[in-house]
Amino acid sequence: MPLEVFAAVDRRTPGFVAWQEPQWFFHCGDGAAFLGLVGATELVACPQALEMLRREANDWGWQSNQVEHFLGSLDKDGEVTAYLFRCRICATHLAYSDFT
């Protein structure tokens, strides 16, 4: 990632509140655009982001039924939520989950 891109995101991009430590995505050599909090309902329209969340939960060592239950419980206004981004270059949706 070019240092100037990282610096622009770090210094000139409004942050957001997260349950844990906020993360910011970079894709195609640029900072992704933060779209907001999303839940299972909103993620239906973003299959790339949903798959990214599925891989994230699989990495925790959960069984597939636990992963699917977790993904179904995501709520943009709840304690188990996801943060949605979109690549400014290729429009790929990216996401990570967070919970208390």
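Now for a quick tour of the structure. Bear in mind that the values here come from a model prediction, so they are computed numbers and not experimental data.

The rules behind each value
Residues numbered from 1 in each chain as written. Predicted model: local features only at pLDDT ≥ 70, side-chain atom pairs only at ≥ 80, totals over all residues. Heavy atoms only, no water. Pairing = 2+ DSSP bridges. Helix = DSSP H or I, 4+ residues; strand = E, 2+ residues; numbered from the N terminus. Axes fitted to C-alpha atoms, helices over the stretch in contact; angles between N-to-C directions. Contact = heavy atoms within 4.5 Å. Patch = residues over 30% accessible without salt bridge, like charges linked within 9 Å, V, L, I, M, F, W, Y side chains within 5 Å. Areas by Shrake-Rupley, 256 points an atom, 1.4 Å probe, with all protein chains shown as cover. Salt bridge = Lys/Arg side-chain N within 4 Å of Asp/Glu carboxyl O. Buried < 20%, exposed > 50% of the residue type's maximum accessible area, 1.4 Å probe, protein only.

It is worth spelling out the sheet that holds strand S4 (residues 80-86) at this point. Spatial ordering of the open sheet is given by S3-S4-S5, a layout of 3 strands whose pairing is antiparallel. This sheet does not close on itself; its edge strands, each paired only once, are strand S3 (33-38) and strand S5 (93-99). For this sheet the average axis-to-axis angle between neighbouring strands, irrespective of direction, equals 25°. Where S4 and S5 come together, 7 bridges link them in antiparallel fashion. Bridge assignment links leucine 84 to a residue of S5, and that residue is alanine 95. Of the strands in this sheet, S4 and S5 touch helix H3 (residues 47-58), which is tilted by about 45° from S5.

On to a nonpolar patch on the surface, then. A cluster of nonpolar residues, Trp60, Trp62 and Phe99, forms a patch on the protein surface that exposes about 260 Å² of accessible area. Tracing the sequence through the fold places tryptophan 60 in the loop between H3 and helix H4 (64-73). Taking the relative accessible area as the measure of exposure, tryptophan 60 reaches 36% and is therefore partly exposed.

Take it as geometry only, folks, not as evidence of what the structure does.
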